[in-house]
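# Coordinate analysis (summary)
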Amino acid sequence: EAGVAQSPRYKIIEKRQSVAFWCNPISGHATLYWYQQILGQGPKLLIQFQNNGVVDDSQLPKDRFSAERLKGVDSTLKIQPAKLEDSAVYLCASSPFDRPGANVLTFGAGSRLTVL
Amino acid sequence: SQQGEEDPQALSIQEGENATMNCSYKTSINNLQWYRQNSGRGLVHLILIRSNEREKHSGRLRVTLDTSKKSSSLLITASRAADTASYFCATSGSARQLTFGSGTQLTVLP
């Protein structure tokens, strides 16, 4: 079974520029998550999709962050304009939906963003 | 905000020793999970314990859960240098989302 694919692995941009991250989850996984992990901290949920609908985006800074999951498969997370504090690793994860109470996540390797 | 808080923040032990990490959380849960993260990599699921379970084993891992104290512990027995990583607890409520703690950095010295 192929894992969760993310790209790019690394990105360096200047503040106020824009950036986009792409995620391809495990085939058949209905739930997709984007987490932000700042150095030395645990992952923080940004947005959770169930198929192509948003389940939770309460911690997504909507003035600058946006995410979509077209056709319930791939997802893109965009930041525009970027701020210095957006420097972090952006982790995509997916999980199946068909096991009640068992939401084990499979993570991608992450996209490391540095904002200068 | 982070639901779980791990303790200690950092732990350094000799190869062969046991490592114990603790996690405390604030709200009721459906299950609690532990994940490992090697430097520069994504998180890998280790073990899940449901709210009606008190203890679970998987290989060299032993997890306990005390819902009355809202706490969990992860024990790694006979540690190896390859166990060096950050360990995170994550709690799951009703919405199938996971809320992660701040992590314990484990260093196993050869």
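Residues numbered from 1 in each chain as written. Chains lettered and ligands numbered in written order. Predicted model: local features only at pLDDT ≥ 70, side-chain atom pairs only at ≥ 80, totals over all residues. Heavy atoms only, no water.

## Remarks on the environment of Asn-18 of chain B
Residues and elements named next belong to chain B. The line we're drawing: Secondary structure elements follow DSSP: runs of H or I no shorter than four residues count as helices, runs of E no shorter than two count as strands, and numbering proceeds from the N terminus. By definition in these notes, contact holds between two residues if any of their heavy atoms fall within 4.5 Å. The term polar contact refers here to a pair of N or O atoms within 3.5 Å; inside protein, the definition further demands a hydrogen-donor-capable atom paired with an acceptor-capable atom, and it admits residues adjacent in sequence only when both atoms are side-chain atoms.
Note that Asn-18 resides in the loop between β2 (10-14) and β3 (19-24). The spacing of Asn-18 and Arg-80 is 62 residues in sequence and 9.5 Å in space, taken between C-alpha atoms. In contact with Asn-18, not counting residues within four places along its chain, are Ile-13, Leu-75, Ile-76, Thr-77 and Ala-78. A distance of 3.0 Å separates a polar atom in the side chain of Asn-18 from the backbone nitrogen of Ala-78.

## Points about the layout of surface pockets
Formally: Throughout, the protein atoms alone are placed on a 1 Å grid, and a set of points is a cavity if a 1.4 Å probe fits but cannot get out or a pocket if it is open with protein on both sides within 12 Å along at least five of seven lines; lining residues have an atom within 4 Å of a point. Grid points are joined across faces, edges and corners, and a volume is the space filled by probe spheres set on the points. Any residue that is not Ala, Val, Leu, Ile, Met, Phe, Trp, Tyr, Cys, Pro, Asp, Glu, Lys or Arg is counted as polar, Gly included; the first ten are nonpolar and the last four charged.
Computed from the structure, the largest pocket encloses a volume of approximately 520 Å³. Around the largest pocket, the lining is made up of 26 residues, and of these Gln-37, Leu-39 and Gly-40 of chain A together with Gln-37 and Ser-86 of chain B lie nearest the centre. Elements represented by at least two residues in the lining of the largest pocket include exactly β11 (111-115) of chain A together with β9 (85-92) and β11 (104-109) of chain B. Broken down by element, the residue count for the lining of the largest pocket peaks at three residues, all from β9 of chain B. For the lining of the largest pocket, the per-class residue count stands at seven nonpolar, 16 polar and three charged.

## Thoughts on the packing of aromatic side chains
To be explicit about the condition: Within 6.5 Å between ring centres, the rings of Phe, Tyr and Trp (the latter by its six-membered ring) count as paired, and their orientation is classed by plane angle as stacked under 30 degrees, edge-to-face over 60, tilted in between. Each residue's exposure class comes from its accessible area (1.4 Å probe, protein chains only) as a fraction of the maximum for that residue type: buried when under 20%, exposed when over 50%, partly exposed otherwise.
Under the defined criterion, the tally for this structure stands at eight aromatic pairs over all chains. Measuring from centroid to centroid gives 5.3 Å for Phe-21 of chain A and Tyr-90 of chain A, while their planes differ by 20°, and the two rings are stacked. Here Phe-21 of chain A is found in strand β3 (residues 19-24), whereas its partner Tyr-90 of chain A is found in strand β9 (residues 88-95), with 69 residues between them in sequence. In this structure Phe-21 of chain A comes out as buried when scored by relative accessible area, which is 0%. These aromatic residues form a ring-pair network of at least three members: Tyr-33, Tyr-35 and Phe-107 of chain A together with Tyr-35 and Phe-100 of chain B.

Function-wise, these values are silent; they only describe arrangement.
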